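# Secondary and tertiary structure notes
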Amino acid sequence: MDIKNNKLIDTLLLFLFFYFCISYFLKLDYSIFNKDEIIYLSDSLLLLEGLRPSHSHSPSGISTWFGSIIVLIDFLINEFSFKGIEAIFSGLDLTLYKHYQNLTYIKSSLYFLNIILLFFLFYLDKKKNFFLIFLILFLFPKSYEITFSATPYFIGSILCGISFLLKDKNKFLSLIIFGLALSERIEFLILINFLSFENKKFNI
């Protein structure tokens, strides 16, 4: 009977996960009328231009780099030319201009990155209690500004959650992923003692 109940709970959680993914996808055009979202998305383009991201410090977070890679792939597929150095820089400028005009492509890439990390969080949490609380928290109406915007709070929270779940399995990897969360938002530093207090080497 317990096995059946566990399977039912797992099925419901999987359904909730897919519901979240679909809701997230439908919110790609969602705007919170906050200039921070535009600035964070534009940071990926500034990085390609060799400029320091506006809302981050180089080397910035993984979300900024991932957005830059997507733009770079677009350039290599659609605008790259062997005609000469001038043609290469003209193609890059054209690609950057296109993405400055429409930041949806970068935001879509961050959507897929968040979904992959969220699935990894789902996989790591064997009891699914932590994952359930995490999803419910970020599905609250008041959390929309964090969850469905392109600001780095949500991806930072996922990375922080993954780090907590890996704490007892792989301390070194847990700290690396926590470092990635810190690169998104430095405020996560206040939680580092939850990872390090059991290990004298990293004790604060």
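Higher on the page you've got the structure.
Residues numbered from 1 in each chain as written. Predicted model: local features only at pLDDT ≥ 70, side-chain atom pairs only at ≥ 80, totals over all residues. Heavy atoms only, no water.

In this section: the overall build of the protein chain. Helix and strand content of the protein chain: ten helices and zero strands. Counting helices and strands in the order they occur from the N terminus, the protein chain gives α-α-α-α-α-α-α-α-α-α. In the protein chain, which comprises 204 residues, the share counted as buried stands at 43%. For the protein chain, contacts bridging at least 24 residues in sequence account for 62% of all contacts bridging at least 6. (Helix = DSSP H or I, 4+ residues; strand = E, 2+ residues; numbered from the N terminus. Buried < 20%, exposed > 50% of the residue type's maximum accessible area, 1.4 Å probe, protein only. Contact = heavy atoms within 4.5 Å.)

Scanning the entire structure with this criterion turns up three salt bridges. Here Arg-185 ties to Glu-187 by a salt bridge, and the two come within 2.7 Å at their closest N and O atoms. (Salt bridge = Lys/Arg side-chain N within 4 Å of Asp/Glu carboxyl O.)

Counting across every chain of the model gives 13 aromatic pairs. A centroid spacing of 4.9 Å and a plane angle of 90° characterise the contact between Phe-80 and Phe-82, whose relative ring orientation is edge-to-face. For Phe-82, a relative accessible area of 80% puts it in the exposed group. Taken together, the aromatic side chains of Phe-17, Phe-18, Phe-119, Phe-122 and Phe-131 make up a single cluster linked through ring pairs. For the cation-ring pair, Lys-126 lies above Tyr-123, with the distance from its terminal atom to the ring centre recorded as 4.2 Å. (Phe/Tyr/Trp six-rings, centres within 6.5 Å; stacked < 30°, edge-to-face > 60°. Lys NZ or Arg CZ within 6 Å of the ring centre and 35° of its normal.)

To continue, consider the nonpolar core. Leu-118, Phe-154 and Ile-162 are the most contacted members of the largest nonpolar core, which totals 34 residues. Counting only elements with at least two residues in this core, the list comes to α1 (2-26), α5 (104-124), α6 (129-139), α8 (153-165) and α9 (171-184). Counting ten residues, the second-largest nonpolar core is a separate cluster that includes Leu-41, Leu-45, Leu-103 and Ile-106. (Core = buried A, V, L, I, M, F, W, Y, C linked by side-chain atoms within 4.5 Å.)

Once that is clear, we can look at α8. Between its first and last C-alpha, α8 extends 18 Å over 13 residues, near the 18 Å set by a 1.5 Å rise per residue. Where burial is concerned, most of α8 is hidden: eleven out of the 13 residues are buried. (Expected span 1.5 Å × (residues − 1).)

To continue, consider the side chain of Glu-37. Note on placement: Glu-37 falls in helix α2 (residues 35-48). Residue Glu-37 is classed as buried on the basis of its relative accessible area of 6%. Of note is the side chain of Glu-37, whose polar atom sits 2.8 Å from the side chain of Lys-107. (Polar contact = N/O pair within 3.5 Å; in protein donor to acceptor, adjacent residues only side chain to side chain.)

The next point concerns the packing of α5 against α6. As a packed pair, α5 and α6 sit with axes 8 Å apart at the nearest point and diverge in direction by 145°. Handedness of the crossing formed by α5 with α6: left-handed. Across the interface between the two elements, Leu-118, Leu-121 and Phe-122 of α5 pack against Phe-130, Phe-131, Phe-134 and Leu-135 of α6. (Axes fitted to C-alpha atoms, helices over the stretch in contact; angles between N-to-C directions. Left-handed = near helix turned anticlockwise from the far one by under 90°.)

Tracing the backbone through its elements, the reader meets Pro-53 in the loop between α2 and α3 (62-78). Separated by eleven residues in sequence, Pro-53 and Ser-42 place their C-alpha atoms 8.0 Å apart.

Turning next to the packing of α3 against helix α4 (residues 85-101). It is at 10 Å that the axes of α3 and α4 come closest, and there the two elements cross at 130°. When the axes of α3 and α4 are compared, the pair comes out oblique. For the pair α3 and α4, the sense of crossing is right-handed. Contacts between α3 and α4 involve Val-71, Asp-74, Phe-75 and Asn-78 from the former and Ile-88, Gly-91, Leu-92, Thr-95, Leu-96, Lys-98 and His-99 from the latter. Here the residues of the contact of α3 with α4 are counted per class, giving five nonpolar, four polar and two charged. (Parallel < 35°, antiparallel > 145°, perpendicular 65-115°, else oblique. Nonpolar A, V, L, I, M, F, W, Y, C, P; charged D, E, K, R; others polar.)

Structural measurements only, silent on function.
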